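Summary of the model geometry
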Amino acid sequence: MIPGGPATSPRPPEHALTPARAASPWKLPVVLQPHQNLLANYLLGSLLAGPGFPILALIRYFKYHTLRYELDEEGITMRWGILFRREVSLTYARIQDIHLSSHVVERWLGLARILIQTASGSAQAEITIEGVQDFEAMRDLLYSKMRGARDTKVDAQAKPAALVPGESEALAAALREVAAEVRALRQELGTHAVTPEKTNG
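Heads up: these notes are all about the structure in this document.

Here is what the cut-offs are and how they apply
Residues numbered from 1 in each chain as written. Predicted model: local features only at pLDDT ≥ 70, side-chain atom pairs only at ≥ 80, totals over all residues. Heavy atoms only, no water. Helix = DSSP H or I, 4+ residues; strand = E, 2+ residues; numbered from the N terminus. Buried < 20%, exposed > 50% of the residue type's maximum accessible area, 1.4 Å probe, protein only. Contact = heavy atoms within 4.5 Å. Areas by Shrake-Rupley, 256 points an atom, 1.4 Å probe, with all protein chains shown as cover. Pairing = 2+ DSSP bridges. Axes fitted to C-alpha atoms, helices over the stretch in contact; angles between N-to-C directions.

Below, the discussion takes up the overall build of the protein. Counting its secondary structure elements, the protein contains six helices and seven strands. Along its sequence from the N terminus, the protein presents helices and strands in the succession α-β-α-α-β-β-β-β-α-β-β-α-α. Counting the 201 residues in the protein, one finds 24% classified as buried. Here the contacts in the protein between residues at least 6 apart in sequence split such that 48% fall between residues at least 24 apart. Summing over all exposed atoms, the protein offers an accessible surface of approximately 15000 Å²; the carbon and sulfur share of this is 58%.

The following block contains the structure:
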C-alpha cells in the first residue's frame with residue numbers, strides 16, 4: 001500500500017468475477033441460427049449414406065445455411081430451404097410436451113435436439129430444434145411460455161363474463177318483479193285456504 005494513498009482491498013479470484021448464468025440468454029423477439037457444429041453433425045451423418053453422400057451432404061449444407069428459428073411472445077417459427085422453402089409455426093398454447101434427444105456425435109459436439117410435440121396425435125415432433133448449444137435454456141424457456149399460455153387460457157375460461165350496466169339493472173328489475181308475483185301468489189293462496197265445514201248439532 002502506498003503511504004498516504006487510499007487503501008485497496010485484495011482482488012477476488014477470477015472465478016468470482018464470472019456473472020451467474022441467466023436462465024434465458026435471449027430477449028424476445030429473437031431470430032436464432034444454428035451453431036456451426038450442426039454442419040459438422042450433418043456432414044458426419046451424411047457419411048452413412050454411402051454413395052449418396054454428395055447429394056445428402058449438399059441438401060443438409062443448404063438447410064444449415066437457411067435454417068432460422070424465430071421466437072416471439074406468441075410462439076415459435078422454423079424456416080429453411082432455398083428452392084423449396086418450408087415454414088412451420090407453432091404457438092406456445094399448442095405445445096403438449098418437450099423432449100431433449102441426442103446421440104453420441106451430438107453430445108461430442110455439444111448439441112442436442114429439442115423435440116416439440118402437440119396434441120395432434122402424431123408420433124413425430126411438430127418442430128425439431130437443432131444446432132442450439134444452450135438447449136437446456138431453450139427448453140426451459142419453451143416450458144415457461146407453454147405453462148404461461150395454459151394458465152392464461154384457464155383464467156380466461158374461469159373468469160365469468162361481466163354484465164353491462166344496463167343488463168344488470170334489467171336483471172335486478174326482473175328479479176324484483178318475480179319476487180312480487182310470488183308474494184301475491186302466496187297471499188292469494190292464504191285467503192282461499194280450505195276451512196273445515198261447520199256441522200249442525
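We now examine the pairing of strand 2 (residues 68–71). By the alternation rule, side chains of strand 2 split into Y69 and L71, which are all buried, and R68 and E70, of which none is buried. By the bridge criterion, three bridges tie strand 1 (residues 30–32) to strand 2 in an arrangement that is antiparallel. Paired with V30 across the bridge in strand 2 is L71. Across four bridges, strand 2 lies against strand 3 (residues 75–80) in antiparallel orientation. When the bridges of strand 3 are listed, E70 appears paired with T77. Linking two consecutive strands that pair antiparallel, namely strand 2 and strand 3, is a turn of three residues.

Looking now at the environment of A93. With respect to the secondary-structure elements, A93 resides in the loop between strand 4 (86–91) and strand 5 (95–101). It is 6.0 Å that separates the C-alpha atoms of A93 and R150, two residues lying 57 residues apart in sequence.

This part is about the sheet that holds strand 2. Strands sit in the order 1-2-3-4 across an open sheet of four strands; the sheet is antiparallel. Strand pairing shows two members of the sheet lacking a second neighbour, strand 1 and strand 4, which therefore form its edges. With direction set aside, neighbouring strand axes in the sheet form an average angle of 15 degrees.

Now for the environment of L38. Positionally, L38 belongs in helix 2 (residues 37–46). Spatially, the C-alpha atoms of L38 and Y64 are 7.3 Å apart, while their sequence positions differ by 26 residues. Those residues in contact with L38 that sit more than four places away from it in its chain are Y64, L67, L111, E130 and G131.

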